[in-house]
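Working through the structure, step by step
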Amino acid sequence: MATPIANRVCVVGGTHGNEITGVNLLAHWQAQRLVEQFESLDLKFLLANPRAVKDNKRYIDVDLNRCFRLQDLNNPNLPGYERSRACEINKLLGPKGRAKTDFIIDLHTSTANMRTNIVLIKHDAFHLQLAAHLQRVLPDVVVTSEAELMPDHHFLCSIAERGLVIEVGPVAQGALDFRVLKATQDATLACLDFYQRWIRGETFACEGELEVMSYFDKVYFPRDDRGHMTACIAPELLYQDYAPINPGDPLFVDFAGKPMAYEGEPAHLAFINEAAYYDQGIAACLCRPKKLPLTPLESPWQKQ
Ligand SMILES: [Zn+2]
């Protein structure tokens, strides 16, 4: 077989410094020589935000996983550690638009019960067939989509032509939970296996439709005139991610115990009570299921 094309893959961890599942898995896979299990891949690992990992914080100055829009990567004057780190990563793996990396897998965790959440930022045959394949071979996979939210995406994984986020929860920030670690490892290995089989010439042709949860809005914690929070998420909603919510359903409970109803349109909730979003006041994200038609993914060899 000739030299495989499009075989440069990078698995990224520690994009958020307090999501340590990926950080520990990278070290584990390097110690275990995982690269030797994927002979057709040029497989690399990257610790994305080492300073935030060291400080056990999500970020130092700004959220690194919001720094990868082309217009920001091309602006050297933006302040903050993560802005310069994003430019370094773009040099290492990119540059975005003509990247020397073909596929990026970025590992995250959530404090919400997001299960094995496969986050798509593109809806082409490659990404949809990969997500459908993961749903078939792994338990507990939910596919969510950020693809419609922005044309020039700000995620790290947008540097390469192909990329996704694997975000598993629930696990506390800065902590490990074997169930979350195993689900993250299984999903990553399944992605690498799919990718290696694809560049070796396999066609993937799951048929029908793929259901993805598509985000369209957020709900914010209630606050008083001075900006202080006045309510918590209703206890019955905790860890009920992806469940439907309808107008009149309890959403919050104030500090005296009085329930407060949801007033928006019928939706599903995700990232319920996500600790990483408290700094923005976000209580949960709103999404709705959407069915995307699956088309076969031809082998990359057929395109040459
Ligand atoms: Zn994260």
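Everything below is about the structure printed above this text.
Just so it is clear, the model here is predicted, and its values are computed rather than measured.

Turning our eyes to something else, we now look at the coordination of the zinc ion. Taken together, the protein donors to the zinc ion comprise His16 (ND1), Glu19 (OE), Glu19 (OE) and His108 (ND1), at separations of 2.0 to 2.4 Å. Taken together, the four donor atoms surrounding the zinc ion define angles of 57 to 152° at the centre, an arrangement classified as irregular. Here the donor residues for the zinc ion map to a single chain with the spacing H-x2-E-x88-H. A residue is classified by how much of its surface remains accessible, and His16, at 4% relative accessible area, is buried.

Bringing the layout of surface pockets into the picture now. Of the volumes computed, that of the largest pocket is approximately 430 Å³. Lining the largest pocket are 27 residues, with Arg66, Glu146, Phe155, Lys218 and Tyr277 positioned closest to its centre. Counting only elements with at least two residues in the lining of the largest pocket, the list comes to strand 3 (103-109), strand 6 (162-169), strand 7 (209-220) and strand 13 (282-293). Here the lining of the largest pocket takes four residues from strand 7, the largest share from any one element. Here the lining of the largest pocket is composed, by residue class, of twelve nonpolar, seven polar and eight charged. Space inside the second largest pocket adds up to approximately 280 Å³. Contributing to the lining of the second largest pocket are 16 residues, with Thr116, Asp140, Val168, Arg179 and Ala183 lying nearest its centre.

Tallying each qualifying case throughout the model produces twelve aromatic pairs. Ring geometry for Phe221 against Tyr278: centres 4.8 Å apart, planes inclined by 45°, an arrangement best described as tilted. With Phe221 in the loop between strand 7 and strand 8 (231-233) and Tyr278 in the loop between strand 12 (267-270) and strand 13, this pair connects stretches of sequence that are 57 residues apart. Through a chain of ring-to-ring contacts, three or more aromatic side chains come together here, namely Phe103, Phe126, Phe194, Tyr195, Trp198 and Phe204. The positively charged end of Arg288 is found above the aromatic ring belonging to Phe216, 3.7 Å away from the centroid.

Take the pattern of salt bridges next. Under the definition given, this model contains 18 salt bridges. Between Lys291 and Glu211 there is a salt bridge whose closest N-O contact spans 3.3 Å. Taken as a pair, Lys291 in strand 13 and Glu211 in strand 7 lie far apart in primary sequence, 80 residues in all. By relative accessible area, Glu211 is classed as partly exposed at 39%. Here Arg288 and Glu265 are joined by a salt bridge, their closest N and O atoms 2.8 Å apart. Here the residue Arg288 occupies a position in strand 13, and Glu265 occupies one in the loop between strand 11 (259-261) and strand 12, the gap between them amounting to 23 residues. The class for Glu265 is partly exposed, based on a relative accessible area of 44%. Taken together, the salt bridges that share partners define one network made up of Glu19, Arg58, Asp63 and Arg66.

Within the element layout of this structure, Arg179 appears in helix 6 (residues 178-199). Taking relative accessible area as the criterion, Arg179 reaches 65% and is therefore assigned exposed. Sequence separation between Arg179 and Thr230 is 51 residues, and the spatial gap between their C-alpha atoms is 34 Å. Of the polar contacts made by the side chain of Arg179, one reaches the side chain of Asp177; its length is 2.8 Å.

Cut-offs used in this document
- Residues numbered from 1 in each chain as written.
- Predicted model: local features only at pLDDT ≥ 70, side-chain atom pairs only at ≥ 80, totals over all residues.
- Heavy atoms only, no water.
- Donors = N, O, S within 2.8 Å, 3.2 Å for Na, K, Ca; no water.
- Tetrahedral: all angles 85-135°; square planar, octahedral: opposite > 155°, others 65-115°.
- Buried < 20%, exposed > 50% of the residue type's maximum accessible area, 1.4 Å probe, protein only.
- 1 Å grid on protein atoms, 1.4 Å probe; cavity = no way out; pocket = protein on both sides within 12 Å on 5 of 7 lines; lining within 4 Å.
- Points joined across faces, edges and corners; volume = space filled by probe spheres on them.
- Helix = DSSP H or I, 4+ residues; strand = E, 2+ residues; numbered from the N terminus.
- Nonpolar A, V, L, I, M, F, W, Y, C, P; charged D, E, K, R; others polar.
- Phe/Tyr/Trp six-rings, centres within 6.5 Å; stacked < 30°, edge-to-face > 60°.
- Lys NZ or Arg CZ within 6 Å of the ring centre and 35° of its normal.
- Salt bridge = Lys/Arg side-chain N within 4 Å of Asp/Glu carboxyl O.
- Polar contact = N/O pair within 3.5 Å; in protein donor to acceptor, adjacent residues only side chain to side chain.

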